Amino acid sequence: MSQAPSPEHAARMTIASIARLFAEGERIAMLTAYDYPTARILDEAGIPMVLVGDSLGQVMLGYDSTVRVTMAEMLHHTKAVVRGTKRALVVTDMPFLSYGVTPEASLENAGVIMREGGAGAVKLEGGERSARTIESIVRAGIPVMGHIGLTPQSIHQLGGHRVQGKTRDAGRQLLADALAVQQAGAFAVVLELVPEQLATEITKRLHIPTIGIGAGAGCSGQVQVITDLLGLSADFTPRHARHYADLHAIIKSAAEAYGEDVRAGAFPGPEQSTRMDDRTLDEILGRTALDRADGMAAAHGIPLDRDL
Ligand code: KIV
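Residues numbered from 1 in each chain as written. Predicted model: local features only at pLDDT ≥ 70, side-chain atom pairs only at ≥ 80, totals over all residues. Heavy atoms only, no water.

Draft legend 1. Examining the overall build of the chain more closely. Looking only at helices and strands, the chain has 13 helices and eight strands in total. At 27 Å, the chain has a C-alpha radius of gyration far larger than the 19 Å of a compact globule built from 308 residues. For the chain, the spread of C-alpha atoms along the principal axes amounts to about 95 × 45 × 45 Å. In the chain, which comprises 308 residues, the proportion classed as buried is 45%. For the chain, the proportion of contacts with a sequence separation of at least 24, taken over those separated by at least 6, is 55%. (Helix = DSSP H or I, 4+ residues; strand = E, 2+ residues; numbered from the N terminus. Rg over C-alpha atoms; globule rule 2.2 N^0.38 Å. Buried < 20%, exposed > 50% of the residue type's maximum accessible area, 1.4 Å probe, protein only. Contact = heavy atoms within 4.5 Å.)

Draft legend 2. Just the pairing of strand S6 (residues 188-192), in detail. Taken across its five residues, S6 has five buried, putting it largely inside the fold. Residues of S6 alternate between two faces, with Ala188, Val190 and Glu192 on one and Val189 and Leu191 on the opposite face, all of them buried. Pairing of strand S5 (residues 144-149) with S6, which is carried by five bridges, proceeds in the parallel orientation. From the neighbouring strand, Gly146 faces S6, where its bridge partner is Val189. Direction of pairing for S6 relative to strand S7 (residues 210-213): parallel, over a ladder of four bridges. (Pairing = 2+ DSSP bridges.)

Draft legend 3. Highlighting the packing of aromatic side chains. This model, assessed by the stated rule, comprises one aromatic pair. Ring centres of Tyr258 and Phe267 lie 5.6 Å apart, and the angle between their planes is 65 degrees; on these two criteria the pair is classed as edge-to-face. Overall, Phe267 belongs to the partly exposed group, its relative accessible area being 36%. (Phe/Tyr/Trp six-rings, centres within 6.5 Å; stacked < 30°, edge-to-face > 60°.)

Draft legend 4. Molecular detail of the nonpolar core. Core analysis: the biggest nonpolar cluster contains 32 residues, and Met94, Val122, Ile137 and Leu191 have the highest contact counts within it. Mapped by element, the contributors of at least two residues to this core are helix H4 (71-84), helix H5 (103-115), strand S4 (121-125), helix H6 (131-139), S5, helix H8 (168-183), S6 and helix H9 (196-205). Ranked by residue count, the leading element in this core is H8, at four residues. (Core = buried A, V, L, I, M, F, W, Y, C linked by side-chain atoms within 4.5 Å.)

Draft legend 5. A look at H8. Its 16 residues place the ends of H8 22 Å apart at the C-alpha level, agreeing with the 22 Å of an ideal helix rising 1.5 Å per residue. Within H8, the full set of buried residues consists of Gly171, Leu174, Asp177, Ala178, Ala180, Val181 and Gln182. On its buried face, H8 sits against H6, S5, S6 and H9. Following H8 by one or two positions, Gly185 adopts a phi angle in the positive range, close to 110 degrees. (Expected span 1.5 Å × (residues − 1).)

Draft legend 6. Quick look at a nonpolar patch on the surface. Taken together, the side chains of Val59, Met60 and Leu61 present a nonpolar region at the surface, about 200 Å² in accessible area. For Val59, the location among the structural elements is in helix H3 (residues 56-59). (Patch = residues over 30% accessible without salt bridge, like charges linked within 9 Å, V, L, I, M, F, W, Y side chains within 5 Å. Areas by Shrake-Rupley, 256 points an atom, 1.4 Å probe, with all protein chains shown as cover. Salt bridge = Lys/Arg side-chain N within 4 Å of Asp/Glu carboxyl O.)

Draft legend 7. Seen up close, H4. Given a rise of 1.5 Å per residue, 14 residues ought to cover 20 Å, and the 20 Å separating the end C-alpha atoms of H4 matches this to within 8%. For H4, the buried fraction is high: 10 of the 14 residues fall into the buried class. Residues Met71, Glu73, Met74, Leu75, His77, Thr78, Ala80, Val81, Val82 and Gly84 constitute the buried set of H4. In this structure, the buried residues of H4 make contact with helix H2 (36-44), strand S2 (49-52), H3, strand S3 (89-93) and H5.

Draft legend 8. Spotlight on the packing of H8 against H9. Their axes nearest at 10 Å, the elements H8 and H9 cross at an angle of 30 degrees. Classified by chirality, the crossing of H9 by H8 is right-handed. In contact with Gly171, Leu174, Leu175, Ala178 and Leu179 of H8, H9 contributes Leu198, Ile202 and Arg205. Classifying every residue of the contact of H8 with H9 gives six nonpolar, one polar and one charged. (Axes fitted to C-alpha atoms, helices over the stretch in contact; angles between N-to-C directions. Left-handed = near helix turned anticlockwise from the far one by under 90°. Nonpolar A, V, L, I, M, F, W, Y, C, P; charged D, E, K, R; others polar.)

Draft legend 9. Just the sheet that holds S3, in detail. Taken in spatial order, the eight strands of this closed barrel run S1-S2-S3-S4-S5-S6-S7-S8, and their pairing is parallel. Mean inter-strand twist for the sheet, computed between neighbouring axes without regard to direction, equals 25 degrees. Two elements, strand S1 (residues 28-32) and S2, share three bridges in a ladder whose sense is parallel. Residue pairing for S2: Thr32 is matched across the bridge by Leu51. The strands that H8 touches are S5 and S6; relative to S5, the one it contacts most, it runs at about 175 degrees.

Draft legend 10. Broad picture of unusual backbone geometry. Following Phe267, the chain continues into Pro268 via a peptide bond in cis, with omega recorded as 0 degrees. In the Ramachandran plot, Leu193 falls in the positive-phi region, its phi being about 50 degrees despite a non-glycine side chain. Structurally, Leu193 is set in the loop between S6 and H9.

Right, dumping it as structure tokens:
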């Protein structure tokens, strides 16, 4: 009789597995990760989709926006996250201007993220304006997640982190964007900073999952930036985020305690140290009768006990 594979032997999630979760009505949890140890923990926790977001630029690299993030940086972090996950579908953001300039470059860069990075899908921003790019990448066999609403790579055009789609025209545009992304072949779409009623209505009209961030509970799934969730962001937590832990306080107090222990000579203790055989130490330091007799080690210029 065949048995269901245990979680550690289960196959990696694909866009088909995500479609199955969606069809079964399961709300889909997605989190960002940028490094190997965090990716391992999220995978162990059963998070089905891990996003190597270009939020990397702000939360890990200290840039002032995602516009500064490069393909090389996205690739570097994607590889670490892929190595850290066995089960999750890894989705990687295509960085600013790595797509949408020419169809050839968009496809080439999406291919590099999959081939070299090892991601299972790419994500790119824009609705109607990105539809043809999405279409050509999907046609090449690369799964694409769309991203509409607040699109951080256009922050200089949008003029700030504001909720999108709040007027008649802007709301209609958002609906058109969602449909365009779906029509282009995306397997899911992120809705960022969208009023919850509008996000719910968009979700009802699509047959692919909507993954919300600051878009209310009516989406098919949710995505959060891991540093917001863990209370690790330096000075700012967006209103849509909930702290599930306060790692800033935990790490700070651990670092303070370590600093105090080092200053006081209380670290390392016997448990963190290794002892050797005292007779071997005597031999090393020229304390044995033989050493004293022939002055052997002194010939190598090593300062032995008797030379001190
Ligand atoms: O870069 C990112 O982390 C994202 C999420 C906010 C969806 O795009």
